[in-house]
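Residue strings, one per chain:
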Amino acid sequence: MTPLLKVQNIQKLYGKRIGCTDVSFDLYPGEVMGIVGESGSGKSTLLNCLAGHLAPDAGEVMFDTRAEGMKDTVTMSEPERRMLSRTDWAFVHQHARDGLRMNVSAGGNVGERLMAVGARHYGDIRDQAIDWLGRVEIQESRVDDRPTQFSGGMQQRLQIARNLVTGPRLVFMDEPTGGLDVSVQARLLDLLRGLVREMGLSAIIVTHDLAVVRLLADRLMVMKDGHVVETGLTDQVLDDPQHAYTQLLVSSVLQV
Amino acid sequence: MALSGENRPYLDHSMADYNFAYLDEQTKRMIRRAILKGLAIPGYQVPFASREMPMPYGWGTGGVQVTAAALTPDDTLKVIDQGADDTTNAVSIRKFFEKTAGVATTEETGQASVIQTRHRIPEEDLREDQILVYQVPIPEPLRFLEPSEVETRKMHSLEEYGLMHVKLYEDISRHGAIATAYAYPVKVEGRYVMDPSPIPKFDNPKMEMAAIQLFGAGREQRIYAVPPHTQVVSLDFDDYPFEASKADAPCDLCGAEDSYLDEVIMDDAGTRMFVCSDTDYCTGRRKAGHIGAQGTAFEEDAA
Ligand SMILES: Nc1ncnc2c1ncn2[C@@H]1O[C@H](COP(=O)(O)OP(=O)(O)OP(=O)(O)O)[C@@H](O)[C@H]1O
Ligand SMILES: [Mg+2]
Ligand SMILES: [Zn+2]
């Protein structure tokens, strides 16, 4: 099987400081990869390099495009990359306000990606928006409300609906449950797990919550100081950590 | 060629120091370059170095600079504000060019070679030998939803216009119909999405015209243009098609059924009257003998 994403030797420096370095891995269709590590270990930097938000200083990010097969998203043209990010890719931000239009209704937020790829029938767009609100457990009656009128958990679910409506093949998530109450986190995790399974999504999830990776991730990558120190199947890494740092992490000393 | 001071009969002493049409030749050349670029890329917003004009922003300084750069001594200028030649804004801009350029002016659409407008397109079809100059307050149609200039420029260059439809979507979900009645966004020649300035959407279909259309935004320092006979399509949804609506009534003065109407309140009792917003069009019809429900024959009225 061809990987959906093939990452090779990605490096990003901020001046002399290492953001992340020498990161390589393959992600296969339907696979969920978790990235864990302490604050400042380079998780967001790596994710943003993969999603095309940051230009890496070195390395390749090969993506299995629909039209042309494996293609390096680092060197492809900006229009091409932006087209990917509103069709085949999705990005769920930690702070919903970074991923939502706060002055646009919930329906408009979900409909935007549809309109961006050419949907021009209001009734169809609205029906799909309502359907997706339902799938993330937001009532139809809230379709015309703005996200500012939503709770934090609802905003996050709306952000997920907005991202998934065009049926992306790869979802990037940066701390999707961060900043939420524990009970709200649990519900969101359940929802995410359901969607990932139902849609057969491939995803890369950055978190420093081991509960999140245990629930969602098939494979795990542990980062420290910009380097990957350990990778493997999630259960193996968590139950039998090899690297001293991972052992420390799992023993919950470093858990936040 | 600029006229010398002696040849400009309307010039009073204090204006004698100014160049033809107020702006110096170098500035006009810079503006003409922006206009030519705008015509070459229909609907694209060309940045230009807007100059201080002896009138405040919001009084059409963008349009005035474009007009100044487009005028020649042989031109005949018409200036309208909301369709009328006699409002304060229109009168003061007309006087400004009478003084600084000494050009002939007119209120008759058909007689004008350059027409500067705020908020309307004349009812009478414009010709190939005419130029229509619009005053524009906010040139960026994406501004409503995307405040970042860097991002909107990128959206234009990559033709990412989904956001325009989000705006229309919001309109329908809030009002049950596309409620945008002015500054209704258009796509020019299948490429750039453009703000037509705050004209009523009734005027949108007229933008596919024979005349040259130039748009000037002074505060925002942008010029854009639509060349003659260019395709201009108003954005819409399949199930909510664009409609060039107007008040469903004839003009009470001249009986016109096809012109854009202003609703005028006549007295304290709230008596209303619909009249053409294009005053020259209305007058022309009345001169030709057309009389509306509350109108009188033209000669009588003038007496
Ligand atoms: N814009 C930037 N400019 C300079 N240095 C940066 C920048 N962004 C991140 N860094 C540095 O790069 C390293 C990795 O940061 P990054 O944000 O990727 O970590 P992280 O693992 O996502 O942390 P957190 O868990 O706190 O979100 C850190 O040393 C950080 O200080
Ligand atoms: Mg981070
Ligand atoms: Zn009339």
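Residues numbered from 1 in each chain as written. Chains lettered and ligands numbered in written order. Predicted model: local features only at pLDDT ≥ 70, side-chain atom pairs only at ≥ 80, totals over all residues. Heavy atoms only, no water.

Looking up chain B in an unreviewed UniProt entry gives the name Alpha-D-ribose 1-methylphosphonate 5-phosphate C-P lyase, with the organism given as Shimia thalassica. As recorded by UniProt, the Sequence similarities (unreviewed entry) comment attached to chain B reads in full: "Belongs to the PhnJ family." Under Catalytic activity (unreviewed entry), UniProt gives the following word-for-word description of chain B: "alpha-D-ribose 1-methylphosphonate 5-phosphate + AH2 + S-adenosyl-L-methionine = alpha-D-ribose 1,2-cyclic phosphate 5-phosphate + methane + 5'-deoxyadenosine + L-methionine + A + H(+)". (UniProt positions renumbered as here; feature names shortened; annotations may be inferred.)

Going by an unreviewed UniProt entry, chain A carries the name Putative phosphonates utilization ATP-binding protein PhnK and comes from Shimia thalassica.

Asker: Could you give an account of the site of ligand 1, with specific residues and numbers?
Answerer: All names here are of chain A. Among the 13 residues in the neighbourhood of ligand 1, the closest are listed as Ser39, Gly40, Lys43, Ser44 and Thr45. One nitrogen or oxygen atom from the main chain of serine 41 is found 3.2 Å from an oxygen atom belonging to ligand 1. When the free accessible area of ligand 1 is taken as 630 Å², the share hidden by the protein chains comes to 62%. Among the elements of the structure, strand E2 (17-27) and helix H1 (43-50) are those that each provide at least two residues to the shell around ligand 1. Split by residue class, the shell around ligand 1 holds two nonpolar, eight polar and three charged. (Near = heavy atom within 4 Å. Polar contact = N/O pair within 3.5 Å; in protein donor to acceptor, adjacent residues only side chain to side chain. Areas by Shrake-Rupley, 256 points an atom, 1.4 Å probe, with all protein chains shown as cover. Helix = DSSP H or I, 4+ residues; strand = E, 2+ residues; numbered from the N terminus. Nonpolar A, V, L, I, M, F, W, Y, C, P; charged D, E, K, R; others polar.)

Asker: Lay out the pattern of salt bridges in plain terms, naming residues and giving numbers.
Answerer: Counted according to the given criterion, the structure contains 37 salt bridges over all chains. Where B:Glu160 meets A:Arg86, a salt bridge forms, and the shortest distance between an N and an O atom there is 2.9 Å. Highlighted residues: B:Glu160 in the loop between helix H4 (149-157) and helix H5 (162-175) and A:Arg86 in the loop between helix H2 (78-85) and strand E6 (89-92), drawn from two different chains. Here the salt bridges share partners, and the residues they tie into one network are B:Arg143, B:Glu149, B:Arg153, B:Glu220 and B:Arg222. (Salt bridge = Lys/Arg side-chain N within 4 Å of Asp/Glu carboxyl O.)

Asker: Lay out helix H3 (residues 88-100) of chain B in plain terms, naming residues and giving numbers.
Answerer: Residue and element names in this part refer to chain B. End to end, H3 covers 18 Å across 13 residues, agreeing with the expected 18 Å (1.5 Å per residue, within 8%). When H3 is considered as a whole, its buried residues turn out to be Asn89, Ala90, Ile93, Arg94, Phe96, Phe97 and Thr100. Projection of H3 onto a plane perpendicular to its axis shows the buried side chains occupying an angular sector of 155 degrees, all on one side. Exposed side of H3, more than 90 degrees from the buried face: Thr88 and Lys95 are the residues found there. As for H3, its buried residues are in contact with helix H2 (61-70), strand E2 (76-81), strand E3 (104-105), strand E4 (114-118) and strand E5 (131-135). (Expected span 1.5 Å × (residues − 1). Buried < 20%, exposed > 50% of the residue type's maximum accessible area, 1.4 Å probe, protein only. Arc of directions from axis to C-beta. Contact = heavy atoms within 4.5 Å.)

Asker: Break down the coordination of the zinc ion (ligand 3) for me, with residues and values.
Answerer: The reference angle at a metal is 109.5 degrees if four donors form a tetrahedron and 90 or 180 degrees if six donors form an octahedron. For the zinc ion (ligand 3), every protein donor is listed as B:Cys251 (SG), B:Cys254 (SG), B:Cys276 (SG) and B:Cys282 (SG), and the spread of their distances is 2.2 to 2.3 Å. Around the zinc ion (ligand 3), the four donor atoms sit at angles spanning 106 to 116 degrees, and that spread fits a shape best called tetrahedral. (Donors = N, O, S within 2.8 Å, 3.2 Å for Na, K, Ca; no water. Tetrahedral: all angles 85-135°; square planar, octahedral: opposite > 155°, others 65-115°.)

Asker: Run through the interface of chain A and chain B, naming residues and quoting values.
Answerer: The interface of chain A with chain B comprises 22 residues on the first partner and 22 residues on the second. Buried area between chain A and chain B, both sides added, is near 1900 Å², and the carbon and sulfur share of it is 55%. Broken down residue by residue, the surface that chain A buries against chain B is led by A:Arg82, A:Arg120 and A:Tyr122, which jointly contribute 37%. Taken together, the links from chain A to chain B amount to five salt bridges. Across the pair A:Arg101 and B:Glu146 runs a salt bridge whose closest N-O atoms are separated by 3.4 Å. The interface formed by chain A and chain B contains 14 residue pairs in polar contact (both at pLDDT 80 or more). (Buried area = accessible area lost by both parts, 1.4 Å probe.)

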